[in-house]
Amino acid sequence: MATPELIRIVSRDSPMALAQVERVRTELAALHPGIATEVVPVKTTGDKWLGDLSLVEGKGAFTKEVDAALLAGEADLAVHCVKDVPADRPLPAGTVFAAFLERDDVRDALVHPGGLALDQLPAGTRIGTSSVRRVAQLAASHPHLDCVPFRGNANRRLEKLAAGEADALLLAASGLERIGRADVITEILSTDVMCPPIGAGVLALQCREGDDATVEAVAGLNHPDTYRETTAERMFLHVLQGHCNSPIAGFAKAQRNGDLSLRACVFTPDGKTVLNAHEWAGPLDPATLGTSVAVSLLRQGARSLIDGIAH
């Protein structure tokens with residue numbers, strides 16, 4: 001099959017998204033020095049709308065325009081943060097994931113201008129975050145802290161913090177690394193303190209179905225362990241049918257011996273109810289593991305918990 005001479009990469013136009021595209025371009029150039037790449041930036045609904053995401057289709061708000069450019073043939077490849085790609089419904093018809101890049105740090109980071117760790121923050125400290133997952137977990141573990149809604153890209157949130165709109169921030173450690181702002185991190189929280197979102201730290205490459213030349217060209221960027229972890233996590237979320245207002249967290253981990261584990265939680269927004277499941281698959285199919293963990297949480301009452309949250 002003929003290798004494409006040019007691959008047009010569509011992405012959100014935020015600094016973080018463009019940094020992610022640069023990683024893909026670098027890895028692709030190392031794999032196929034003869035292929036040229038070009039960036040097609042788009043502004044998404046999620047980037048333009050700074051209100052409640054559930055009012056604009058939730059997570060799909062960050063992917064709809066990117067998907068449209070791909071399907072219209074304006075681009076050949078889309079780069080997504082997996083955590084922004086809805087798992088409660090299939091990928092848009094006519095598109096496929098061609099590769100998952102090696103996973104970055106899945107953990108959350110605390111940014112506090114005074115250098116305090118999470119456990120040192122005094123009562124009433126305002127934490128800037130709009131993540132229902134973070135809000136629920138903080139309510140459970142640190143009920144004396146107050147969460148204030150914070151949207152916008154990471155740089156914008158750091159500006160709002162500097163302007164005094166919050167006292168501290170919670171952001172993805174990998175995101176701060178990607179935009180070269182790891183210097184602001186006060187503390188990286190363990191996954192026991194703050195369970196990550198599904199797909200944390202994973203970049204996915206999406207192509208048009210049938211565009212075999214592009215699919216084949218980028219397939220070599222796929223990281224097998226990340227593929228297994230992501231498959232388990234997304235199947236878990238798909239079976240659970242969570243929506244963007246559901247505080248759901250979880251992460252899969254592939255061990256060197258091939259074993260795969262998946263730990264996941266469902267919370268009420270106030271953090272008062274927490275459902276937990278943690279299973280090992282051995283060499284089991286990742287999708288089976290994801291299904292099994294979801295069923296375990298459904299048996300504990302996750303369905304009524306999720307359906308009881310307005311969205």
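Small disclaimer: the values here were computed from a predicted structure and weren't measured. (Residues numbered from 1 in each chain as written. Predicted model: local features only at pLDDT ≥ 70, side-chain atom pairs only at ≥ 80, totals over all residues. Heavy atoms only, no water.)

A. Up close: the overall build of the protein chain. Within the protein chain, the secondary structure is distributed over 10 helices and 13 strands. Taking 311 residues into account, the globule formula puts the C-alpha radius of gyration at 19 Å, and the protein chain, at 19 Å, falls close to it. Along the first, second and third principal axes, the C-alpha atoms of the protein chain reach 60 × 45 × 40 Å. Looking at the protein chain as a whole, 51% of its 311 residues qualify as buried. Sequence separation of at least 24 residues holds for 69% of the intrachain contacts in the protein chain that already meet a minimum separation of 6. Here the protein chain has roughly 13,200 Å² of accessible surface; of this, 53% comes from carbon and sulfur atoms. One way to put it: in the protein chain the 30 positive side-chain charges average out to a point 4 Å from where the 39 negative ones average out. (Helix = DSSP H or I, 4+ residues; strand = E, 2+ residues; numbered from the N terminus. Rg over C-alpha atoms; globule rule 2.2 N^0.38 Å. Buried < 20%, exposed > 50% of the residue type's maximum accessible area, 1.4 Å probe, protein only. Contact = heavy atoms within 4.5 Å. Areas by Shrake-Rupley, 256 points an atom, 1.4 Å probe, with all protein chains shown as cover. Lys, Arg positive; Asp, Glu negative; His and termini not counted. Charge placed at Lys NZ, Arg CZ, Asp CG, Glu CD.)

B. Up close: the sheet that holds strand β12 (residues 260-267). Read from one edge of the open sheet, three strands run β11-β12-β13, paired in antiparallel fashion. The open sheet has two free edges, formed respectively by β11 (248-254) and β13 (274-280), since each of these has just one partner strand. Between one strand and the next, the sheet's axes are offset by a mean angle of 5°, whatever the strand orientation. The strands that helix α8 (residues 224-240) touches are β11 and β12; relative to β11, the one it contacts most, it runs at about 150°. (Pairing = 2+ DSSP bridges. Axes fitted to C-alpha atoms, helices over the stretch in contact; angles between N-to-C directions.)

C. Molecular detail of the sheet that holds strand β10 (residues 203-208). Across the sheet, five strands lie side by side as β2-β1-β3-β10-β4; this open sheet has mixed pairing. The outermost strands of the open sheet, each flanked by one partner alone, are β2 (36-42) and β4 (95-100). The sheet shows a mean angle of 30° between the axes of neighbouring strands, direction not considered. The pairing of strand β3 (residues 77-81) with β10 spans five bridges and is classified as antiparallel. For Cys 81, the partnering residue across the bridge sits in β10 and is Leu 203.

D. Layout of the state of the cysteines. According to the stated counting rule, one finds zero disulfides in the structure shown. In this model Cys 207 remains outside any disulfide bridge; the closest cysteine sulfur is found in Cys 81, 17 Å from its own. (Disulfide = S-S within 2.5 Å.)

E. Just unusual backbone geometry, in detail. Of note in this structure, Gln 241 is not a glycine but carries a positive phi near 55°. Within the secondary structure layout, Gln 241 lies in the loop between α8 and β11.

F. The arrangement of the packing of aromatic side chains in detail. Under the criterion given, the structure shown has two aromatic pairs. Ring centres 5.9 Å apart and planes at 40° place the aromatic pair Phe 100 and Tyr 227 in the tilted group. Of this pair, Phe 100 sits in strand β4 while Tyr 227 sits in helix α8, and the two are 127 residues apart along the sequence. Taking relative accessible area as the criterion, Phe 100 reaches 6% and is therefore assigned buried. By way of ring pairs, the aromatic residues Phe 97, Phe 100 and Tyr 227 are connected into one cluster. (Phe/Tyr/Trp six-rings, centres within 6.5 Å; stacked < 30°, edge-to-face > 60°.)

G. Structural view of the packing of α8 against helix α9 (residues 286-299). Between α8 and α9, whose axes approach to 7 Å, the crossing angle comes to 35°. Crossing handedness for the pair α8 and α9: right-handed. Here Arg 228, Thr 231, Ala 232, Met 235, Phe 236, Val 239 and Leu 240 of α8 come into contact with α9, specifically with Pro 286, Ala 287, Leu 289, Gly 290, Thr 291, Val 293, Ala 294, Leu 297 and Leu 298. Within the contact of α8 with α9, the residues separate by chemical class into 12 nonpolar, three polar and one charged. (Left-handed = near helix turned anticlockwise from the far one by under 90°. Nonpolar A, V, L, I, M, F, W, Y, C, P; charged D, E, K, R; others polar.)

H. The arrangement of the pairing of β11 in detail. By the criterion of burial, β11 is predominantly enclosed, with six of the seven residues buried. Here β11 runs beside β12; their pairing, made up of seven bridges, is antiparallel. For Phe 251, the partnering residue across the bridge sits in β12 and is Arg 263. The antiparallel pairing of β11 with β12 creates a hairpin that spans five residues between the two strands, and Gly 258 there sits at a positive phi of about 100°.

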